[in-house]
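Chain by chain, the residues:
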Amino acid sequence: MKYALYTGCVAKGAGRELLAATNVACAKLGIELVEMTAAACCGAGVISEDNPMLADILNARTFAQAEEMGLPIMNICTTCQGVHRKAQIKLKKDPAYLERVNKELKEQTGLEYKGTVKVRHFYEVLLEEYGLDKLKSKITRPLNGYKVAAFYGCYAMRPHEYSDLQNPDNPDELEKIIIALGATPIDYAERLKCCGFPILMMNKTNAMKLTGNALIGAKGAGADAVVTPCPLCHLNLDAYQPEVENMNDVELKLPVLHIPQLVALALGASYEELRLKTHIVRPPAEIAG
Amino acid sequence: MSKVTFRIFRFDPANDPTPRYQEYEMPLEPGITLLNCLNKIKAEKDATLTYRMSCGSAICGSCAVRANGHAILSCKTQASELVKDGVIQLDPLGNTSVIRDLAVDLEPFWASIRKVKPWLMPDATDNPEKERLQSQEDYLKIDHATTCIMCGACWSDCNVLEVDKKFIGPAALAKAQRFIYDTRDVKTIDRLEEISEPHGVWDCTHCGECSTRCPTDARPLGRIEEIKQAAMAEGVHGNSGARHVLAFRETVGKRGLLDENYVPVRSVGFLNIPGLLGLMPVGLRMLWRGKNPPVIPHSVDKVEEVKKIYSRSEEFRK
């Protein structure tokens, strides 16, 4: 198995532990990755608030690069995945628009998007392509007794037409992986809610309330950790946890893991390899013991 | 016909102030809508059950409720699609206060709609002899928003309203788009400035609930994006939301990737000292952990291709 790895911005910036963990997990699983070093930001639904066609051309360029590599794209960010799927669906639905996008793309880069590349998130690859049985056979350190609350991230589910989840109103993809790793999934009311990250700069109070609700909900349901496929959710849930604790006068100390980190832990990766020390809320050392 | 249990939220503050669930068992006739199930329960089992309805044809927007935790229009939904382990759970719309059972107080919802001045404000000086006509092309810009039936499904499931009762809400934003994009309206800039105020359009997190729950083609999230596009195009940039878009676009155009050190500072505003100080604790915390974004931001390979695409940006707006 071989994928073109689309890192996104956060895994190259404030979430470098995500990229490290993805490389470790995939090496242990025997999934070969070729990093797309020339791919640009997906726009995160922000560039399209100003210039939707600019965002679509940047994404068409990314898709065309993967098509040239002859590889499907693996995302490690739910927001990138949702934005990519939306761009793909939009371009497929409107052939005249695709032609216009491709004309620009060809003139500026020589590339052309043919509409053939498959785009999937790391966890979707594990479920759809790799298979849970094969994943289980690679586990060397089952996460028995570890209670994990999945936090999906909006772009994985909504709007439904851009989601590849089986049942985006009540998904269980992450829970299936949690169970396969030997851990116990925790159900809680905020599992499918927004973390508030997109309005962090516009209305920090609201962003912190949303993050706080999720963390307090997960902790209250007995979680030892939260796992998320979205590094933006991760930033809010982890880096801003002290603010949430102050605002609500509670102690949380709830580690927030990226999904590749959780998988890699069960595959025997070390604390250092997964850069768990860089988390604001560090998971206990025993987790990688 | 297999029997289904309707688990329905009951609350009558005048006579029974403790909210509870009541169960009604009923076989599902093939093709029956949820609204017809409610009518059947009321007619045959319990006349005290209270809910709103009128047209039964997905036009009046009065029969929205929450089924299994998500807002739906009950006249437009097949009951059979909602059965989970033999049960359909019904609750009143979220982000509201309950009047009785499934009937909620929608006054805050209507107040939000009134706030966006949902009427046409044409040029008062021109005195046309006949009605102001629109081209088909111009009409299509507002076609989606005009299909809103004000059912409140988007309001119910909006994540921001759960934490901020002052948020304008998705239906009012869709209504605002309808007038901002109306080529006969002359108050576009005023409308964009008002909607860019705190608790307005930039407070939406794009959680996508509104468009997912919307039973028509109004799809508020799409309209919200269009309002932001208009605000950016018309130069209504004096707020952190618009500055965030400008900073985001700028850094991606330079390096192909986001500069996570620069975007927050420009979004908050270079001269906004309290705002900048507010960024300090998390910045220092991340620096201490080695989690800070690289000081010299990373650029993608072949970044000149990105710059070439960017140089054509204005063409893409046409």
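Parameters at a glance
- Sequence positions are assigned chain by chain, starting from 1 and proceeding in written order.
- Whichever chain is written first becomes A and whichever ligand is written first becomes 1, with later ones labelled in order.
- Side-chain atom pairs in this predicted model are given and counted only at pLDDT of 80 or more, local residue features only at pLDDT of at least 70, and totals for whole chains, interfaces and linings cover all residues.
- Secondary structure counts use DSSP, requiring at least four H or I residues in a row for a helix and at least two E residues in a row for a strand, with both numbered from the N terminus.
- Any residue whose C-beta has 12 or fewer other C-beta atoms within 10 Å is treated as exposed, any with 20 or more as buried, and any in between as partly exposed, C-beta atoms being built from the backbone.
- Remark: residues whose backbone-derived C-beta atoms lie within 7 Å of one another are considered to be in contact.
- The term nonpolar core means buried Ala, Val, Leu, Ile, Met, Phe, Trp, Tyr and Cys residues held together as one set by C-beta atoms within 7 Å.
- Throughout, the edges of the domains are those of an automatic or database domain assignment.
- Gly counts as polar in this scheme, as do all residues outside two lists: the nonpolar Ala, Val, Leu, Ile, Met, Phe, Trp, Tyr, Cys and Pro, and the charged Asp, Glu, Lys and Arg.
- Note on method: axes are straight lines fitted to C-alpha atoms, helices fitted across the in-contact stretch only, with angles between N-to-C directions ranging 0 to 180 degrees.
- Throughout, the term roughly parallel applies to angles under 35 degrees, roughly antiparallel to angles over 145, roughly perpendicular to angles from 65 to 115, and oblique to all others.
- Each crossing is labelled by how the near helix is turned from the far one, with a counterclockwise turn of less than a right angle marking it left-handed and a clockwise turn marking it right-handed.
- Two strands are said to pair when DSSP picks up at least two bridges between them.
- Expected span of a helix: the number of residues minus one, times 1.5 Å.
- A residue's pLDDT is the confidence the predictor assigns to it, expressed on a 0 to 100 scale.

**Considerations on the overall build of chain B**
Phase 1: Along its length, chain B carries 14 helices and seven strands.
Phase 2: Oriented by its inertia axes, the alpha-carbon framework of chain B measures out at about 70 × 70 × 40 Å.
Phase 3: The 318 residues of chain B split such that 42% are buried.
Phase 4: Counted over contacts in chain B with a minimum sequence separation of 6, partners at least 24 positions apart contribute 64%.

**Focus: the nonpolar core**
Residues and elements named next belong to chain A.
Phase 1: By size, the foremost hydrophobic cluster in this structure holds 188 residues, and its most contacted members are Met74, Val148, Val226 and Val227.
Phase 2: Ranked by residue count, the leading element in this core is helix 2 (residues 52-69), at nine residues.
Phase 3: For Val227, the residues in contact, after removing those within four places along its chain, are Val148, Ala150, Leu174, Ile178, Leu257, Ile259 and Leu262.

**Focus: the domain arrangement of chain B**
Phase 1: For chain B, the assigned domains are domain 1 (3-104), domain 2 (107-233) and domain 3 (240-316).
Phase 2: Just the C-alpha atoms count here: the centres of domain 2 of chain B and domain 3 of chain B sit 29 Å apart.

**Some thoughts on the interface of chain A and chain B**
Phase 1: Contacts between chain A and chain B engage 46 residues on the former and 55 residues on the latter.
Phase 2: Elements with a contribution of two residues or more to the side of chain A that touches chain B: helix 2, helix 4 (95-109) and helix 8 (204-220) of chain A.
Phase 3: Looking at the side of chain A that touches chain B, the element that brings in the most residues is helix 2 of chain A, giving five residues.
Phase 4: Per-class residue counts for the side of chain A that touches chain B are 24 nonpolar, 12 polar and 10 charged.

**Quick notes on the packing of helix 1 (residues 16-29) of chain A against helix 11 (residues 259-266) of chain A**
All names here are of chain A.
Phase 1: At a minimum axis separation of 8 Å, helix 1 and helix 11 run at an interaxial angle of 40°. With respect to helix 11, the axis of helix 1 lies oblique. Like other packed secondary-structure pairs, helix 1 and helix 11 cross with a definite hand, here left-handed. Two secondary-structure elements touch here, helix 1 through Leu18, Ala21, Thr22, Val24, Ala25 and Lys28 and helix 11 through Pro260, Gln261, Val263 and Ala264.

**Looking at the pairing of strand 2 (residues 16-27) of chain B**
Residues in a regular strand point their side chains to alternate faces of the sheet.
Phase 1: Of all 12 residues that make up strand 2 of chain B, zero are buried, and the element is exposed over most of its length.
Phase 2: Taking the residues between adjacent antiparallel strands as the criterion, strand 1 (residues 3-12) of chain B and strand 2 of chain B are bridged by three residues.

**Overview of the sheet that holds strand 7 (residues 225-228) of chain A**
Residues and elements named next belong to chain A.
Phase 1: The strand order across the open sheet formed by four strands is 6-5-7-8, and the pairing between neighbours is parallel. Every interior strand has two partners, whereas the edge strands, strand 6 (184-186) and strand 8 (256-258), have only one. Sheet twist, expressed as the mean angle between neighbouring strand axes with direction ignored, is 40°.
Phase 2: Lying on the sheet, helix 7 (residues 173-180) is in contact with strand 5 (147-150), strand 6 and strand 7; it crosses strand 5 at an angle near 160°.
Phase 3: Contacting strand 7 and strand 8, helix 9 (residues 231-239) runs over the sheet at an angle of about 160° to strand 8.

**Details of helix 3 (residues 78-93) of chain A**
Residues and elements named next belong to chain A.
Phase 1: The first and last C-alpha atoms of helix 3 sit 22 Å apart over 16 residues, in line with the 22 Å expected at 1.5 Å per residue.
Phase 2: For helix 3, a buried count of 12 out of 16 residues is recorded, marking the element as mostly surrounded by other parts of the structure.
Phase 3: Burial in helix 3 covers these residues: Thr78, Thr79, Cys80, Gln81, Gly82, Val83, His84, Arg85, Lys86, Ala87, Gln88 and Leu91.
Phase 4: Contact partners of the buried residues in helix 3: strand 1 (2-6), helix 2, strand 3 (73-75), helix 4, strand 4 (119-121) and helix 9.

**Quick word on the confidence of the model for chain B**
The predicted coordinates should not be examined in detail at positions where pLDDT is low.
Phase 1: A residue-level look at chain B finds 100% of positions with pLDDT of 70 or above and a mean pLDDT of 95.
Phase 2: With pTM at 0.96, the complex prediction returns an ipTM value of 0.96.

**With respect to the sheet that holds strand 4 (residues 70-73) of chain B**
Residue and element names in this part refer to chain B.
Phase 1: With mixed pairing, the five strands of this open sheet are ordered in space as 2-1-5-3-4. With one partner strand each, in any of the chains shown, strand 2 and strand 4 form the two edges of the open sheet. Averaged over all pairs of adjacent strands, the angle between their axes in this sheet comes to 30°, without regard to strand direction.
Phase 2: The pairing of strand 3 (residues 64-67) with strand 4 spans four bridges and is classified as antiparallel. Residue pairing across strands places Val65 opposite Ile72, the latter belonging to strand 4.

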